[in-house]
Amino acid sequence: MSNRNVLKNLSTSMITITIAVALIIVWLLAASPVSTRAEAYIGGSMLAVMISILLIGRKLKFREPWVTPLRIVSIFLAIFLTARYLVWRVEFTIGGFGLISLIAGLMLFAAEVYSVGFAFLGYFVNVYPRHRTPVPLPADVSSLPSVDIVVPTYNEPAELLEVTLLGALNITYPKDKMYLHLLDDGGTDDRCNKPLIAEQSLARRHVLQELCLKLGIAYHTRVHNDHAKAGNINAAINNLSGELMVILDADHVPTRDFLTKTVGFFLQDKKCFLVQTPHSFINADPIEKNLGIFHDSPPETELFHNVIQTGLDGWNASFFCGSAAVMRRSMLLEVGGIQGDTITEDAETAMILHAKGYHSVFLNESLSIGLQPETVMSFIAQRVRWAQGALQLLYFKNPLTLPGLKLTQRIAYLASFSYWFFPFSRIVTILAPSMFLFFGVMVYDATTEQYVIYGAPYFLSSIIFSDFIYGKIRWPLISDVYEMVQTPLAAPALAATLLRPRKPTFRVTPKGEQMDKDFLTPTVWVQYTLLLIVSVSLITGGWRWFEHPGQRPQLIFTMLWEIINFMIVAAAVGVTLERKQRREEFRIIPVKPIPAAMMTGTKKIMVEFIDLSANGARLIVMDKQFSTEQLVSTEPLTFLFKSSLHKNLLVSIPATVLNIESGRVGVQFQYRDMQQKAEIVDLIYGDSQHLEARLERRRKRITFFAAYLYIARKSAAGLGNNVSFIAVQSLRSLMKNTHKLFIVRTRHWWTLVFSGRSDR
């Protein structure tokens, strides 16, 4: 072992021991008995220190080297306030009001202990986040490793795959060292021989073979569909020859510099088995779409991909996420390829390779862009699969007992997997205040004054720390809404997985779905039931305020708690109204409009593309002398613009006019060859700096109160839209049935009466 590795291991051990000793001291101090007034002063003082740290961090723009000590101090202050709260909860707030109260109180406390435990694991993960920069590649290209890029596919359309493959072909890397492979699991021998789907499967195989032939890439399929995506990759891995292997989902289009920024880590560290990059998305997920938060709030996925993974990377525990990653093929082969014992084959594979002593890298730069599920049910199905896979990993390959992992890696993996128990905690915290407001069951025996002294500092410390660590990319209550949307289906699915851990199987998440009308998702009635419970309990709480004045000390914070629950559940109800969506190709809005020349007949007019997709664009005419009304629908045009792939090359692409609205012209591209489409694909997806700039537009910090007002506003709008939709649909259904009853049946009777008379 090199001196560098010895020092690194020694440093990690010292950090771990220091954290453990500090935690013991914090817990001892938190458990020390002091007067209530002293507790109030302690809580207030520590909150003031945490707020000061947050303000200093903002002033320093959260830059190193000062942000690390500030973060560590903030973590220990938050842990102290949390420990003090738990000690108080155990000693003074549970039981004393009968058996039902005791059981309900213990259930709520168990949910809180889970949340606190997960928070502590989160603190550990975020102690030492690692922010990497790309390792430059050597000037001698002959020393670069060969790379196989594999794109597994099952049921994705050829049009979507074509864009991904063109993006991969645009990657900047020596062409004699980069090989592209399409792994088709929808055209396997088994599927082509099954009577019901044989024709469809054979047609798919033929179409994709033609596509690969046209692009000059390799087509692979296999005999059976065993082990889903993991099996698909493993069936091809022995037929590859590259030292490295890039895995891209069928909808993940890479940027030009994907390999330029990732391959260097493998040259720097011979024990590196993985370089993972974030997953970024071109479209709104169903929650962002249905609540209207896509353009004015940060992406939900960035909490994991931009913060948690960097924290895990500090402990050599960042893991494979299934796509947008580079892996060392020899190390994969050493463990039998992508693992398939669970349905989260990606995290499972990374954990097994970490246990072998190999290293992973998380490069926090967006180098690909993909598609998110479009419907609530598809979104929930995806998240439930992740949750079930995490439980399977805890059952079959528990990181706490898996041989080979370091203690810090065990804790880091436990933090990642334990998150998925949230549906059980979420149900308890939603229903707990209603137990008191409805039935007077004392689930939380505390006055408002006591909660202000003990509970509020704990609650606020977690929010302040969250703002410090990831306030730019995750606002208060956003996570609660996402969890509430998933809970009605996730809770029973996870319960079933706990009972039968081998039962869940891998299912492909649908992408690019089309919806031709508005509709309510099946979980709407569960959410409405919860909303009804919360609403009626608030009304009941108002009644209790006047009828039972002695309960007012408990009622104040319980009602505030229930108001927050109402906002969360109302937002979840708003999400259940699915809006119609007919566009197959998602558009990007460039950071700056893209200049081009439009040729129409003999005229050359300067224009700018203001949004762009693989199929077409929307533009504005820069020449004030030219009126867009002169353009005719389906009129042939030609666009000229500078190539982003080849210097000093002018690209010419034909198009036709689709529509003209408010001076903006919609056009559809009419490609003559694949190179023309490759140029547009590169214009949309190729520049990682443009991708990062588009993501940065959504990232911003807002105050705690602004975040709550934001969710309150979105919840109200979403709930209003949902209720209006149900009212309109109910009215239409009533009118339709009335028409059948009074018009259709009357005509039927009339016909019977008079037809009978005419027969006579």
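Quick notes on the rules
Residues numbered from 1 in each chain as written. Predicted model: local features only at pLDDT ≥ 70, side-chain atom pairs only at ≥ 80, totals over all residues. Heavy atoms only, no water. Core = buried A, V, L, I, M, F, W, Y, C linked by side-chain atoms within 4.5 Å. Buried < 20%, exposed > 50% of the residue type's maximum accessible area, 1.4 Å probe, protein only. Contact = heavy atoms within 4.5 Å. Helix = DSSP H or I, 4+ residues; strand = E, 2+ residues; numbered from the N terminus. Patch = residues over 30% accessible without salt bridge, like charges linked within 9 Å, V, L, I, M, F, W, Y side chains within 5 Å. Areas by Shrake-Rupley, 256 points an atom, 1.4 Å probe, with all protein chains shown as cover. Salt bridge = Lys/Arg side-chain N within 4 Å of Asp/Glu carboxyl O. Phe/Tyr/Trp six-rings, centres within 6.5 Å; stacked < 30°, edge-to-face > 60°. Lys NZ or Arg CZ within 6 Å of the ring centre and 35° of its normal.

1. Concerning the nonpolar core
Argument step 1. Core analysis: the biggest nonpolar cluster contains 77 residues, and I149, L182, L259, F609, L612 and F639 have the highest contact counts within it.
Argument step 2. Leaving out residues up to four positions away in the same chain, L182 has contacts with V151, T153, L161, L165, L208, C212, I217, A218, Y219 and H220.
Argument step 3. F319, M327, A355 and L391 belong to the second-largest nonpolar core, a separate cluster that totals 45 residues.

2. Considerations on helix α14 (residues 345-355)
Argument step 1. α14 sits mainly inside the fold: 11 of its 11 residues count as buried.
Argument step 2. Considered for burial, the residues of α14 that qualify are E345, D346, A347, E348, T349, A350, M351, I352, L353, H354 and A355.
Argument step 3. With its phi angle positive at about 95°, G357 sits one or two positions after the end of α14.

3. Describing a nonpolar patch on the surface
Argument step 1. Among the surface-exposed residues, L10, M14, I17, V21, I25 and L29 lie close enough to one another that they form a single nonpolar patch of about 580 Å² accessible area.
Argument step 2. Relative to the helices and strands, M14 resides in helix α1 (residues 3-31).
Argument step 3. A relative accessible area of 47% means that M14 is categorised as partly exposed.

4. Remarks on the packing of aromatic side chains
Argument step 1. Within this structure, the stated rule accounts for 32 aromatic pairs.
Argument step 2. Taking 5.6 Å as the distance between ring centres and 45° as the angle between the ring planes, the aromatic pair formed by F118 and Y419 counts as tilted. With F118 in helix α4 (residues 99-125) and Y419 in the loop between α16 (407-418) and α17 (422-439), this pair connects stretches of sequence that are 301 residues apart.
Argument step 3. Where F438 meets F439, the ring centres are 5.7 Å apart and the plane angle is 45°; that geometry is what we call tilted.
Argument step 4. Given a relative accessible area of 61%, F439 falls into the exposed group.
Argument step 5. Over the aromatic face of Y444 sits the side chain of R89, whose NZ or CZ is 4.2 Å from the ring centroid.
Argument step 6. Taking NZ or CZ as reference, R544 lies 6.0 Å from the ring centre of F436, over its face.

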